Amino acid sequence: MGVDTKMPQRQRVSFKKDEMFASHFLKEAASSSKFASKIEPKRRYDILYGNLNRLPKKVRFFVEENAKVCQPDAIHICDGSDKEKELLYYMLQRDGAIKPLRKYENCWLATTDPADVARVESRTFISTEEKHDTVPRIKDGVKGTLANWMSPEDMETALDSRFPGCMRGRTMYVIPFSMGPVGSPLSKIGIEITDSAYVVASMKIMTRMGQNVLDTLKDGDFIKCLHSVGQPVTGTAPTGSKYAWPCNPKDVLVAHLPERNEICSYGSGYGGNSLLGKKCFALRIGSILARREGWLAEHMLIMGVENPQGEKKYFAAAFPSACGKTNLAMMEPSLPGYKVTCVGDDIAWMRFDKNGQLRAINPEAGFFGVAPGTSMKTNPNAMRTIQKNTVFTNVGATSDGGVYWEGMDEEMPDNVSTTSWLGVEDWRKETGKPAAHPNSRFCTPADQCPIIDDQWESPEGVPIEGIIFGGRRPEGVPLVYESFDWNHGVFLGAALKSEATAAAEHKGKVVMHDPFAMRPFFGYNFGHYLDHWLSFQDNDKLKLPKVFHVNWFRKGPSGFLWPGFGENSRVLDWIFRRVNGEDCAMKSAVGLVPTPDSIDLSGLKDKVDMEELFRLPKDFWKMEVEELNKYFEEQVGEDLPAKIRQELKKLEQRVESDL
Ligand code: GTP
Ligand code: SPV
Ligand code: MN
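Described below are features of the structure shown in this document. None of these values were measured; they are calculated from a predicted model.

## A look at the site of ligand 2
- All residues in the neighbourhood of ligand 2 are listed as Arg119, Gly271, Gly272, Lys278, Lys279, His299, Ser321, Asp346, Phe368, Arg441, Ala503 and Phe521.
- One of the side-chain nitrogen or oxygen atoms of Lys279 is found 2.5 Å away from an oxygen atom of ligand 2.
- A distance of 2.5 Å separates an oxygen atom of ligand 2 from a polar atom in the side chain of Ser321.
- When ligand 2 is considered free in solution it has 280 Å² of accessible area, and contact with the protein chains removes 98% of it.
- Of all the secondary structure elements, the ones that give two or more residues to the shell around ligand 2 are helix 8 (271-274) and helix 9 (277-293).
- Taken together, the residues of the shell around ligand 2 break down into three nonpolar, four polar and five charged.

In structure tokens form, the structure reads like this:
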């Protein structure tokens, strides 16, 4: 790689030089800062890159305040330039944090500490003055599963015992980033402070990052994101020494302080724990802003679907983590004449425009996609996307400079060996241990996707005509059905369940509730969230999209009943026709299901047992109703909107009378 090995000139700017400026803000900070007692006003910092003086005042104050607390050796203010990118990758490689993958263009491999491989839901908290703003009021003795609340006092203690001095010996990076196209009325700005260069490199891919964001921000407000790997080092990274992924698994804390527009994350350098624009900002804080401002921040892909007649519609779909969003968003339809384009694969920010049309933007600029299971057969467009400028984490490495993971489906020549994500050389399948961690991921720029939608960066967003919910349901839940109306659609979201996956620390394949695929990502009380969704029904100027539920994961004796992936286009075709008002649905106990033969199976290679795919076992649904009732009563309690309770009652009656 053509890296300029000359380090940037060290500008020796110290805080002392700006004492008047700093002391003014310090005084102001003293009363409000959560770390006030720990401030050491005399410390000096090297500014390694960028210019503190040119930062907007509020950003500069945020940086100075946290520099005094975290006490890094140096500060690097990101400008998002190519030069900076080269410098970062150079340093990461020099320190052993990433290795080049010579088979591809500008691709890299990082492997983490085996204890830092996924989101840590049990250590993720939201702190508000009023507990009820964050979690539903439930009975004493019941463990809530819809967001973890922490009191501001406990949060103060938790933060105070972690952040002071946490960046000693490290460089503090300042990342100005925009969620959504820079300058779009739907976009929001954040500043992430981090001591991980890996996080900077990832944020550069996942968000719009750099000087242009600061230019747009001017003196406006932003979401304050503070991140530390939580492992202070003394002295600088020993060049050439064996690299150890910095983290502090026993003290992980992912904290949200919505009343202060702050996110503070400590101890993990991986994924949603550390790329704070993603789940922390775009979903948890985002959902709070959305409710306040009358829009929706959702864990949804956004896709364009063009039918053989050339008519195009956009859909948004919410599936829980590792349940198929990236795959659906990039699918290569098997049905002739259909064309799919990708707007986003994980998060949708949606707002009704003045004509009552729901419009969505993808706040991200990259894909942080699950690697295992991605192949030329399942997701060829993802495979094509990741051939360049991609950072892979926790996948296997091949001796010819490539990557490897379970389900990649590629013949390996005899003379090529694989090193597993844990560093086991000459790894063999027979060991029974995977070459790649099940939550290993690729981090890749969205604009490299060959089917990226031509409107994917449109500032006003794309028009959404259907919302699709889905999860991994091995039993009882049909391939596709449609809600009777909006309220029933909201109920389908509320009742969403799925088998646990490796995206978080859950063990085993137990079916868990994951309402709206947002269980780990709600920023506020789920009961209030339901009220917000239901409220759109009251405005008759809004064109409410149709709502669907899909399940690619129903199982029979010999595995999945439905071939999935590109064949899911057959289900999209039915959904498309329903949105166009075609008479191809009939009532069932659970919702509107396809009339016989209305799902196009032409050209399908293997026979599919459609009867079994759509069977509604009475026992199963009776249990489902009972279990949902228990869940809503225990977990949402008095905060459950009456309309949702009514929908459940209606489902119960239909199950009793129709099945
Ligand atoms: P997050 O990034 O964690 O939010 O995940 P995601 O929802 O984007 O899931 P993704 O598309 O990465 O898929 C996760 C896993 O499910 C991969 O191993 C896929 O191969 C598998 N998968 C996706 N779609 C299908 C499908 O239609 N059928 C089957 N059987 N598996 C699928
Ligand atoms: C998810 O878990 O839903 C992800 C991966 O998209 S992470 O960014 O780690 O949250
Ligand atoms: Mn996700």
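## A look at the packing of aromatic side chains
- Inspection of every chain in the model, using the stated rule, returns 30 aromatic pairs.
- Judged by centre distance (5.8 Å) and plane angle (45°), the rings of Tyr404 and Trp427 are tilted. Of this pair, Tyr404 sits in strand 21 (residues 403-404) while Trp427 sits in the loop between strand 22 (418-419) and strand 23 (441-445); the two residues are 23 residues apart in sequence, bridging distant segments of the chain.
- Through successive ring pairs, a cluster of aromatic residues spans Phe469, Trp486, Phe516, Phe522, Tyr524, Phe526, Tyr529 and Trp533.
- Stacked on the ring of Phe576, the Lys or Arg Lys313 has its end atom at 5.2 Å from the ring centre.

## What about the sheet that holds strand 20 (residues 396-398)?
- The strand order across the open sheet formed by three strands is 21-20-22, and the pairing between neighbours is antiparallel. Every other strand in the sheet has two partners, leaving strand 21 and strand 22 as the edge strands with one partner each.
- Pairing of strand 20 with strand 22 involves two bridges; the strand directions are antiparallel. Its bridge partner being in strand 22, Thr398 is matched across the sheet by Thr418.

## Description of the sheet that holds strand 4 (residues 108-110)
- One open sheet accounts for five strands, arranged 3-4-19-23-18; its pairing is mixed. Lying at the two open borders of the sheet, with one neighbouring strand each, are strand 3 (99-100) and strand 18 (366-370).
- In this sheet, strand 19 (residues 391-393) lies alongside strand 4 in parallel orientation, the contact comprising three bridges. Of the residues in strand 19, the one forming a bridge with Leu109 is Phe392.
- Along the sheet, helix 6 (residues 197-206) contacts strand 4, strand 18, strand 19 and strand 23; its crossing angle with strand 23, the most-contacted strand, is approximately 55°.

## Remarks on the coordination of the manganese ion (ligand 3)
- Coordination sphere of the manganese ion (ligand 3), protein contribution only: Lys279 (NZ), His299 (NE2) and Asp346 (OD), at 2.1 to 2.4 Å.
- Classification of the site at the manganese ion (ligand 3) rests on its six donor atoms, whose angles at the metal span 65 to 172°, yielding the label irregular.
- All donors of the manganese ion (ligand 3) belong to a single chain; written as a sequence motif, their spacing is K-x19-H-x46-D. Here Asp346 lies in the loop between strand 15 (339-344) and strand 16 (348-352) and His299 lies in the loop between strand 12 (296-298) and strand 13 (301-306), a separation of 47 residues in the sequence.
- Relative accessible area serves as the criterion here: at 8%, Asp346 is assigned to the buried category.

## Quick look at the environment of Leu530
- With respect to the element layout, Leu530 can be found in helix 13 (residues 526-535).
- Leu530 gets classed as buried once you look at its relative accessible area, which sits at 0%.
- Sequence-wise, Leu530 and Lys643 are 113 residues apart; in three dimensions their C-alpha atoms are separated by 9.5 Å.
- With near-sequence residues (within four places) excluded, Leu530 lies in contact with Val490, Ala494, Phe516, Leu640, Pro641 and Ile644.

## Here we look at the pairing of strand 6 (residues 171-179)
- Across the nine residues of strand 6, nine count as buried, placing the element largely inside the fold.
- Sheet topology places strand 2 (residues 74-77) next to strand 6; four bridges connect them, and they run parallel. Bridge pairing in strand 6 places His76 opposite Tyr173.
- Here strand 6 pairs with strand 7 (residues 188-194) via seven bridges, running antiparallel. If you follow Met179 over to strand 7, its bridge partner there is Lys188.
- Across two bridges, strand 6 lies against strand 8 (residues 208-209) in antiparallel orientation.

Scoring rules and cut-offs
In every chain, residue numbers begin from 1 and rise along the written sequence. Whichever chain is written first is A, and whichever ligand is written first is 1; the rest continue in order. Local features are withheld for residues below a pLDDT of 70 in this predicted model, meaning they are given only at 70 or higher, and side-chain atom pairs are given and counted only at 80 or more; totals for whole chains, interfaces and linings count all residues. Side-chain figures throughout are based on the complete set of non-hydrogen atoms in the structure, without hydrogens or water. One heavy atom within 4 Å of a molecule or strand is enough for the residue carrying it to be called near that molecule or strand. Between N or O atoms, a polar contact is any pair within 3.5 Å; within protein, one atom must be a potential hydrogen donor and the other a potential acceptor, and residues adjacent in sequence are included only when both atoms are from side chains. For the accessible areas, the method is Shrake-Rupley and the probe is 1.4 Å, while residue cover comes only from the protein chains on display. Helix and strand assignments come from DSSP, with helices taken as H or I runs of at least 4 residues and strands as E runs of at least 2, each series counted from the N terminus. Gly is placed with the polar residues, together with every amino acid not listed as nonpolar (Ala, Val, Leu, Ile, Met, Phe, Trp, Tyr, Cys and Pro) or charged (Asp, Glu, Lys and Arg). Two rings from Phe, Tyr or Trp (for Trp, the six-membered ring) form a pair when their centres sit within 6.5 Å of each other. Planes less than 30 degrees apart are called stacked, planes more than 60 degrees apart edge-to-face, and all others tilted. Only when the NZ of Lys or the CZ of Arg is both within 6 Å of the ring centre and within 35 degrees of the ring normal is a charge said to sit over the ring. Strand pairing is assigned whenever DSSP detects at least two bridges linking the two strands. Residue contacts are defined here by distance: any two heavy atoms, one from each residue, within 4.5 Å place the two residues in contact. Angles run from 0 to 180 degrees between N-to-C directions of axes, and those axes are lines fitted to C-alpha atoms, restricted for helices to the stretch in contact. Any N, O or S atom lying within 2.8 Å of the metal counts as a donor, with the limit raised to 3.2 Å for Na, K and Ca; because water is left out of the atom set, some sites can appear incomplete. Irregular is the default label, applied whenever a site is not tetrahedral (four donors, all angles between 85 and 135 degrees) and neither square planar nor octahedral (four or six donors, opposite donors over 155 degrees apart, all other angles between 65 and 115). To sort residues, take the accessible area from a 1.4 Å probe on protein chains only and compare it with the maximum for the residue type: under 20% means buried, over 50% means exposed, and anything in between is partly exposed.

In short, geometric facts, not functional conclusions.
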